[in-house]
Amino acid sequence: MQATLLYRSRLIIKAITPYITKEAKVLDIGCGNGVVSHELAKHFGCALTGTDPQSYLTTSIPFIKMLRDDQLPFEDGAFDVGMFIDTLHHASNEMQVKIILDALRVCKKLLIFEVKPSLLASVSDIILNRLNYAGTPVPCTFRNEQGWMDLFHENHITATARRIKKPIPFYPFSNYLFVLEKKQAS
Ligand SMILES: C[S@@+](CC[C@H](N)C(=O)[O-])C[C@H]1O[C@@H](n2cnc3c(N)ncnc32)[C@H](O)[C@@H]1O
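Now for a description of the structure that goes with this document. Owing to the predicted nature of the structure, the values given are computational and were not obtained by experimental measurement. Each chain carries its own residue numbering, running from 1 in the written order of its sequence. Local features in this predicted model are restricted to residues whose pLDDT is 70 or higher, and side-chain atom pairs enter the listing and the counts only when it is 80 or higher, whereas totals over whole chains, interfaces and linings include all residues. With hydrogens and water stripped out, all remaining heavy atoms of the structure feed into the side-chain values.

With that out of the way, let us pick up the environment of L72. Within the secondary structure, L72 sits in the loop between strand 3 (63–65) and strand 4 (79–85). For the pair L72 and R143, spaced 71 residues apart in the sequence, the C-alpha separation amounts to 23 Å. When near neighbours in sequence (up to four residues on either side) are disregarded, L72 contacts L27, I29, T51, M66, I99, D102, A103, R105 and V106. Each helix is a run of DSSP H or I of at least 4 residues and each strand a run of E of at least 2, with the numbering of both proceeding from the N terminus. When checking whether two residues touch, look at their non-hydrogen atoms; a contact exists if any pair is within 4.5 Å.

Next comes the structure, spelled out in structure tokens:
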């Protein structure tokens, strides 16, 4: 389990490297047990805070619990970069929109790391969740790349999409990274 998380961390680090600096204040939204968060903070040397509606933490990262699923307990613009790492497919379609919009209130830039929908993605999500995140819903609200881009577009969010290169040829999942920016007031 730990080895899988560390392997995932390396994949995520590679994907988000262009967007994180040592000076950045980073918020990991839906940080879960904090293993990936801890690896990211260690690698980038940045100030990282985790937040989650549940308390699953097994690492010593700074953590503030969310009191509501659709609202972050932080001031406007409190962070340079926010991240949702394999988190949004645990929220209903309606909740995805609410929490993304609130994250854009709190973070200047938002990174969304998600997995492409597939039978394997759904089955492994159900099994891994039962083992590690009992109590978290598993609605499997995965979206394909266009589905995410449509959601952003419908909510007037500026986003770019990057497909992540598989770490090995037969790696069973396909991942995307979306980079969201707050729309400048005109
Ligand atoms: C599969 S875990 C991912 C944990 C971690 N990001 C990782 O990649 O290892 C999904 C996490 O999303 C959290 N979550 C579910 N709904 C959420 C919401 N509306 N806002 C923030 N986090 C949420 C769950 O409590 C859970 O800890």
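This brings us to the site of the ligand. Nearness is judged by heavy atoms alone; a residue qualifies as near a molecule or strand once a single heavy atom is within 4 Å of it. Residues in contact with the ligand amount to 20 residues; listed here are only the nearest, R8, G30, D52, D69 and I85. Contacts described as polar in this section are N or O atom pairs within 3.5 Å, which, within protein, must combine one atom able to donate a hydrogen with one able to accept it, while residues neighboring in sequence count only if both atoms come from side chains. Contacts to the ligand include D69, whose backbone N or O atom sits 2.9 Å from a nitrogen atom. Backbone polar atom of I85 to a nitrogen atom of the ligand: 2.9 Å apart, as the coordinates give it. Starting from 600 Å² of accessible surface for the ligand in isolation, the protein chains cover 94%. A breakdown of the residues in the shell around the ligand according to their chemical character gives 10 nonpolar, 6 polar and 4 charged. Every accessible area reported is derived by Shrake-Rupley at a probe size of 1.4 Å, with residue values counting cover from the shown protein chains alone. The nonpolar class holds Ala, Val, Leu, Ile, Met, Phe, Trp, Tyr, Cys and Pro. Asp, Glu, Lys and Arg form the charged class, and all remaining residues, Gly among them, are polar.

With that out of the way, let us pick up the state of the cysteines. We call a pair of cysteine sulfur atoms a disulfide when they lie within 2.5 Å. Enumeration according to the criterion identifies 0 disulfides in this entry. Distance from the sulfur of C46, which forms no disulfide, to the nearest cysteine sulfur (C107) is 13 Å. You can call C46 buried: its relative accessible area is 10%. With a 1.4 Å probe rolled over the protein chains alone, any residue whose accessible area is under 20% of its type maximum counts as buried; one over 50% counts as exposed, and the rest are partly exposed. Taking relative accessible area as the criterion, C107 reaches 0% and is therefore assigned buried.

A few words on helix 5 (residues 145–154). Looking at helix 5, one finds that the buried residues are G147, W148, L151 and F152. Projected down its long axis, helix 5 shows its buried positions confined to an angular sector of 135 degrees, all on one face. For helix 5, exposure combined with an orientation more than 90 degrees from the buried face picks out Q146, H153 and E154. Of the surrounding elements, those touching the buried residues of helix 5 are helix 3 (93–106), strand 5 (107–115), strand 6 (158–163) and strand 7 (175–181). Residue H156 follows helix 5 closely and has a positive phi angle near 60 degrees. Directions drawn from the helix axis to the C-beta atoms are what define this arc.

Our focus in this paragraph is the nonpolar core. Here, the term nonpolar core denotes a set of buried Ala, Val, Leu, Ile, Met, Phe, Trp, Tyr and Cys residues that are joined through side-chain atoms within 4.5 Å. Judged by nonpolar contacts, the single largest core of 27 residues is most densely connected at I16, I20, V26, L40, M83, L111 and F113. Looking at this core, the elements that each hand over two or more residues are helix 1 (2–16), helix 2 (35–44), strand 4, strand 5 and strand 7. Looking at which element gives the most residues to this core, the answer is helix 1, with 6 residues. Not counting chain neighbours up to four residues away, the residues in contact with L40 comprise S9, I12, I13, I16, G45, L48, M83 and I85.

Across the 9 residues of strand 5, 7 count as buried, placing the element largely inside the fold. Here, strands pair whenever DSSP counts at least two bridges between them. Relative to strand 5, strand 4 runs parallel, the two being bridged by 6 bridges. The residue of strand 5 that forms the bridge with G82 is L110. Orient the strands so they point away from the viewer; a crossover is then right-handed if the path from the first strand over the helix to the second runs clockwise. In this region the chain leaves strand 4, passes through helix 3 and returns to the parallel neighbour strand 5; the handedness of that crossover is right-handed. Here 7 bridges tie strand 5 to strand 7, and the two strands are oriented antiparallel to one another. Looking at the pairing, L110 lines up with L180 of strand 7.

Residue position: T51 is located in strand 2 (residues 47–52). For T51, a relative accessible area of 0% corresponds to the buried category. A polar atom in the side chain of T51 sits 2.6 Å from the backbone oxygen of I64. Residues within four places of T51 in sequence aside, it is in contact with L27, D28, I29, G30, C31, F63, I64, K65, M66, L72, P73 and F74.

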